[in-house]
Amino acid sequence: MGKLDGAVVLVTGAARKRGLGRAIALRAAAEGADVAVCGLKRDPASRPEHEQAEGWVGVDSLAEEIRGMGRRALAADCDVTSREQIADMLGRIAVDLGTLYGLVNNAGVASEAGAAPILDMDDEVWRHTIDVNLTGLYLCSKLGGKVMLESGRGGSIVNISSLAGRFGIPNYGAYCASKFGVIGLTQQMSAELARSGIRVNCVCPGSTDTDMMDGTMRRQAVRGGATFEAVKASYAPGIPIGRQGRPEEQAAATVFLLGPDASYITGQTLNVDGGVRMD
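These notes cover the structure that comes with them. (Residues numbered from 1 in each chain as written. Predicted model: local features only at pLDDT ≥ 70, side-chain atom pairs only at ≥ 80, totals over all residues. Heavy atoms only, no water.)

1. Looking at unusual backbone geometry
Our working definition: A run of H or I in DSSP counts as a helix once it spans at least four residues, and a run of E counts as a strand once it spans at least two, with each numbered from the N terminus.
Here the phi dihedral of asparagine 171 falls at roughly 70°; this positive angle occurs in a residue that is not glycine. In this structure, asparagine 171 sits in the loop between β5 (155-160) and α6 (175-193).

Laid out in structure tokens, this is it:
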């Protein structure tokens, strides 16, 4: 028996093969959940070479993986900054999978993290980062939370922030501000929803081996006149465990907070960072 047997879970931002969203969705399915996954539709030519070589087509490929595990799945192309698209997706989930129990707000953009000091940042990049990383999370939580509230069965929301939401990092543009906001919104929502049986928690990943993190390292390499390989190698010495995290390790922490073993935990932010931050 899995910890999430019979639960319906939505994971946003799950279109990348080397991403946290896919790992979280697969872990939730392994624990017995039926899983809806969403992401932005992308031009196949814009996908990373490894996805193109493997025939990966985003959330549709992930949904097939989940079905291969014996669970039901729904794939949706959804822009989390659009209230209308979120509402449509939640309606599809209700019809195809049932009452929403869990929401993992993973959708996010790195924007110019690693490359853009605030004084040089393009205003439109700032707005887009806040729109996706914070407003998108707000909209998904608001609409998804109402579904949970109306069901009377409670639920669990897990928001994905970042170590960049714990302390300011030079040249991270709007990313730090958006991720600090995620932690504050987590605390506010948890205080408002606890008596309704809806728990709200947050995970702060440290450096994790994903395509998004590789992109940040490449921008840091360009800014510092170094190679990508040199920048990537420079991370491990600053991590007490001595290596980057794996997406599966972030997924394990996220699904723990989502499930019944965390039934008395709400309003908390968990660093999953190899010991970098100890508060």
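Next comes the rest of the account.
2. Regarding the sheet that holds strand β7 (residues 269-272)
Selection criterion: The pairing criterion is simple: DSSP has to find at least two bridges between the two strands. Note on geometry: axes are lines fitted to C-alpha atoms, helical ones only across the stretch in contact, with angles between N-to-C directions running from 0 to 180 degrees.
What the 7 strands build is an open sheet, ordered β3-β2-β1-β4-β5-β6-β7; its pairing is parallel. Strands at the two margins of the open sheet, each flanked by one partner only, are β3 (73-77) and β7. For this sheet, the mean inter-axis angle between neighbouring strands, taken without regard to orientation, is 15°. Across 4 bridges, the pairing between strand β1 (residues 8-11) and strand β2 (residues 34-39) is parallel. Its bridge partner lying in β2, valine 11 is registered against valine 37.

3. Overview of the side chain of threonine 254
Which entries qualify depends on this criterion: The contact criterion used is simple: two residues touch if any of their non-hydrogen atoms lie within 4.5 Å.
Mapped onto the elements of the fold, threonine 254 is located in helix α9 (residues 247-258). Every residue in contact with threonine 254, bar those within four places of it in the chain, is listed here: Ile24, Val104, Val158, Ile160 and Val203.

4. Points about helix α4 (residues 83-96)
How we decide: Working rule for helices: expected span equals 1.5 Å times residues minus one. Only protein chains enter the accessibility calculation, which uses a 1.4 Å probe; a residue whose area is less than 20% of its type maximum is buried, one above 50% is exposed, and one in between is partly exposed. Here the arc refers to the directions that run from the helix axis out to each C-beta atom.
With 14 residues, α4 should reach 20 Å at 1.5 Å per residue; the first-to-last C-alpha distance of 20 Å fits that figure. Every buried residue belonging to α4 is among Ile86, Met89, Leu90 and Ile93, and all of these are buried. Take α4 and look down its axis: the buried residues cluster within an arc of 100°, on one side only. Along α4, exposed side chains directed more than 90 degrees from the buried face belong to Glu84, Asp88 and Val95.

5. Focus: the environment of glycine 155
Mapped onto the fold, glycine 155 is located in strand β5. Judged by relative accessible area, glycine 155 falls into the buried class, the value being 4%. The sequence separation of glycine 155 and serine 196 amounts to 41 residues, and the corresponding C-alpha distance is 8.9 Å. Setting aside anything within four residues of it in sequence, one finds glycine 155 in contact with Tyr101, Met148, Gly197, Ile198 and Arg199.

6. Some words on the pattern of salt bridges
Heads up, the condition is: The salt bridge definition used is simple: a Lys or Arg side-chain nitrogen within 4 Å of an Asp or Glu carboxyl oxygen.
Evaluated as defined, the whole model comprises 17 salt bridges. Note that lysine 232 and aspartate 209 form a salt bridge whose closest N and O atoms lie 3.4 Å from each other. Taken as a pair, lysine 232 in helix α8 (residues 228-235) and aspartate 209 in the loop between β6 (198-205) and α7 (211-224) lie far apart in primary sequence, 23 residues in all. With relative accessibility at 31%, the residue aspartate 209 sits in the partly exposed group. One network of salt bridges, with partners in common, ties together Arg18, Asp209, Asp211, Asp214 and Lys232.

7. What about the pairing of β2?
Counted only if it meets this: Place the viewer so that the strands point away; then a crossover is right-handed whenever the path from the first strand over the helix to the second strand goes clockwise.
Within β2, 6 of the 6 residues are buried, leaving the element largely enclosed by the surrounding structure. Burial along β2 is two-sided: the residues Asp34, Ala36 and Cys38 and Val35, Val37 and Gly39 are all buried. Between the parallel elements β1 and β2, the chain passes through helix α1 (residues 20-30) in a crossover that is right-handed. Both β2 and β3 contribute to a ladder of 5 bridges, which runs parallel.

8. Things to note about the packing of α1 against α9
Between two packed helices, the angle of one axis relative to the other and the distance separating the axes together describe the packing. For clarity, the threshold we go by: Angular relationships are summarised with four words: roughly parallel below 35 degrees, roughly antiparallel beyond 145, roughly perpendicular across 65 to 115, and oblique for the angles in between. Two helices crossing with the near one rotated counterclockwise from the far one by less than a right angle form a left-handed crossing, whereas a clockwise rotation gives a right-handed crossing. Note on residue categories: nonpolar means Ala, Val, Leu, Ile, Met, Phe, Trp, Tyr, Cys or Pro, charged means Asp, Glu, Lys or Arg, and polar means any other residue, Gly included.
Look at α1 against α9: their axes get within 8 Å of each other, and the N-to-C directions meet at 55°. What the angle tells us is that α1 and α9 run oblique. Every pair of crossing elements has a handedness; the one defined by α1 and α9 is right-handed. Residues Leu20, Ala23, Ile24, Arg27 and Ala28 of α1 pack against Pro247, Glu248, Gln250, Ala251, Ala252, Thr254 and Val255 of α9. Class assignment for the residues of the contact of α1 with α9 results in 8 nonpolar, 2 polar and 2 charged.

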